[in-house]
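Understanding the architecture of this molecule
Given next are the chains, with one letter for each unit.
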Amino acid sequence: MIQGLHGASRRANQLSRPTLQQLAIGTAAAGVAGLAYATLVERNAFALRHQTLPVLEPGATPLRVLHISDLHMMPGQRLKQAWVQELAGLAPDLVINTGDNLAHPQAVPAVVQALGGLLSVPGLFVFGSNDYFGPTAKNPLKYFKKNHKRSHGEPLPWQDLRAAFTERGWLDATHSVRELEVAGVRVAAAGVDDPHIGRDRYETIEGRPNPLAHLRLGLTHSPEPRVLDRFADDGYDLVMAGHTHGGQLCLPFYGALVTNCHLDRSRVKGPSAWGSTMRLHVSAGLGTSPYAPARFCCRPEASLLTLTPVSDDDSDFDHEGSLPPISAEAN
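All of the points below concern the structure found in this document. No experiment lies behind these values; they were computed from the predicted model shown.

Parameters and conventions
Residues numbered from 1 in each chain as written. Predicted model: local features only at pLDDT ≥ 70, side-chain atom pairs only at ≥ 80, totals over all residues. Heavy atoms only, no water. Pairing = 2+ DSSP bridges. Helix = DSSP H or I, 4+ residues; strand = E, 2+ residues; numbered from the N terminus. Axes fitted to C-alpha atoms, helices over the stretch in contact; angles between N-to-C directions. Buried < 20%, exposed > 50% of the residue type's maximum accessible area, 1.4 Å probe, protein only. Core = buried A, V, L, I, M, F, W, Y, C linked by side-chain atoms within 4.5 Å. Contact = heavy atoms within 4.5 Å. 1 Å grid on protein atoms, 1.4 Å probe; cavity = no way out; pocket = protein on both sides within 12 Å on 5 of 7 lines; lining within 4 Å. Points joined across faces, edges and corners; volume = space filled by probe spheres on them. Nonpolar A, V, L, I, M, F, W, Y, C, P; charged D, E, K, R; others polar. Phe/Tyr/Trp six-rings, centres within 6.5 Å; stacked < 30°, edge-to-face > 60°. Lys NZ or Arg CZ within 6 Å of the ring centre and 35° of its normal.

Spatial strand order, β6-β7-β8-β9-β13-β12: 6 strands in an open sheet with mixed pairing. The strands lining the two open edges of the sheet, one partner per strand, are β6 (177-182) and β12 (270-274). Adjacent strand axes in the sheet meet at a mean angle of 25°, parallel and antiparallel pairs treated alike. As judged from the 3 bridges shared by strand β8 (residues 215-219) and strand β9 (residues 238-241), these two strands associate in the parallel manner. Bridged to L217 within β9 is L238.

Okay, structure coming up:
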């Protein structure tokens, strides 16, 4: 009897070895396939997200706003540049750019060329850390620690980018209060410099925005709660931000692993309520760091927002559309 048990045990061990090897090989193959998909396919599967947000004063005309963020442009990324160029065909009333346009010191011409006709549309912008400093290689585990020490890469030519934007008519909202009328809608806007690297100085714009405006709009690159609270306390209707990349690497049925700021995961992209009267919209962005060129379950995106009066139908919708398909980017 004992010999029979030992024989069965030996046979089980003999069977388990190839089974474990097959499992290991299968897991490794799945990992390689997932990495290939994330780096060659999904990071170039640009999507246009359409959303409706009831944030305007009653009686205002609906306003079409294109939200662009986190291009992280490299000079040779022609597929991304071509896709962004096509966004001008949407004919938005207003363009909002919430920063991190650059990933290379020679990328300013590529950004300007990609934005192309959108620079002729009324626009507002603030910058992010990767407009001021180049990306650096870092341990990805640092993203799970919200207060990790940050290191800056080489300085980037943000002054040249700012000049290119403002010369074409876009308004720099950084630590400034801006008022403009777009498509019959009066907009009072203000923004802060990037809170992610401690450049925000909300006291330079604090106070209630123009009560006669149809839209009171706040801009920030990183959606840090301490800044969002200040905008909400001052009576802003909507704050627009980027920075999070929507989590960039997400899990099915779970979502983002991290937000790379103090914002909770449930608000990592798209619209959400902040307090009782303010809306937040976070763009998942269009790019990645060149040191982490992958996206998984989180397509790169721009958002076309239709802003409507609060008295209109408040049922939001959220769906992804797409411009003409673009093949995987090789660089």
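The subject of this paragraph is unusual backbone geometry. Notably, H72 is not glycine yet its phi reads approximately 45°, a positive angle. Take H72: it is sitting in the loop between β2 (63-68) and α2 (78-86). For H72, a relative accessible area of 4% gives the class buried.

Turning next to the nonpolar core. L66, I68, L87, L115 and F165 are the most contacted members of the largest nonpolar core, which totals 31 residues. Those elements giving two or more residues to this core turn out to be β2, α2, α3 (108-115), α5 (158-167) and β14 (301-309). The leading source of residues in this core is α3, at 5 residues. Sequence-distant contacts of F165, defined by excluding residues within four places in its chain, comprise N97, N101, V111, L115, L119, F125, F127 and W170. Counting 23 residues, the second largest nonpolar core, distinct from the first, contains V55, V65, L124 and V182.

A separate point is the layout of surface pockets. Here the second largest pocket is characterised by a volume of approximately 160 Å³. Taken together, 12 residues form the lining of the second largest pocket, with P54, V55, T277, R279 and V310 sitting closest to its centre. Elements that contribute at least two residues to the lining of the second largest pocket include exactly β1 (47-56) and β13 (278-282). For the lining of the second largest pocket, the class distribution of residues is 5 nonpolar, 3 polar and 4 charged.

Below, the discussion takes up the packing of aromatic side chains. Within this structure, the stated rule accounts for 10 aromatic pairs. Geometrically, the ring pair formed by Y37 and F296 is edge-to-face, given 6.0 Å between the ring centres and 90° between the ring planes. In this pair, Y37 is assigned in helix α1 (residues 2-41) and F296 in the loop between β13 and β14, connecting sequence segments 259 residues apart. When its relative accessible area of 36% is taken as the criterion, Y37 is described as partly exposed. Note on F165 and W170: the rings are 4.9 Å apart at their centroids and 50° apart in plane angle, and the pair reads as tilted. With respect to burial, F165 and W170 carry one shared label: buried. Ring pairing ties together the aromatic residues F125, F127, Y132, W158, F165 and W170, which thus form one cluster. Cation over ring: R199 sits above Y132, and NZ or CZ is 3.8 Å from the ring centre.

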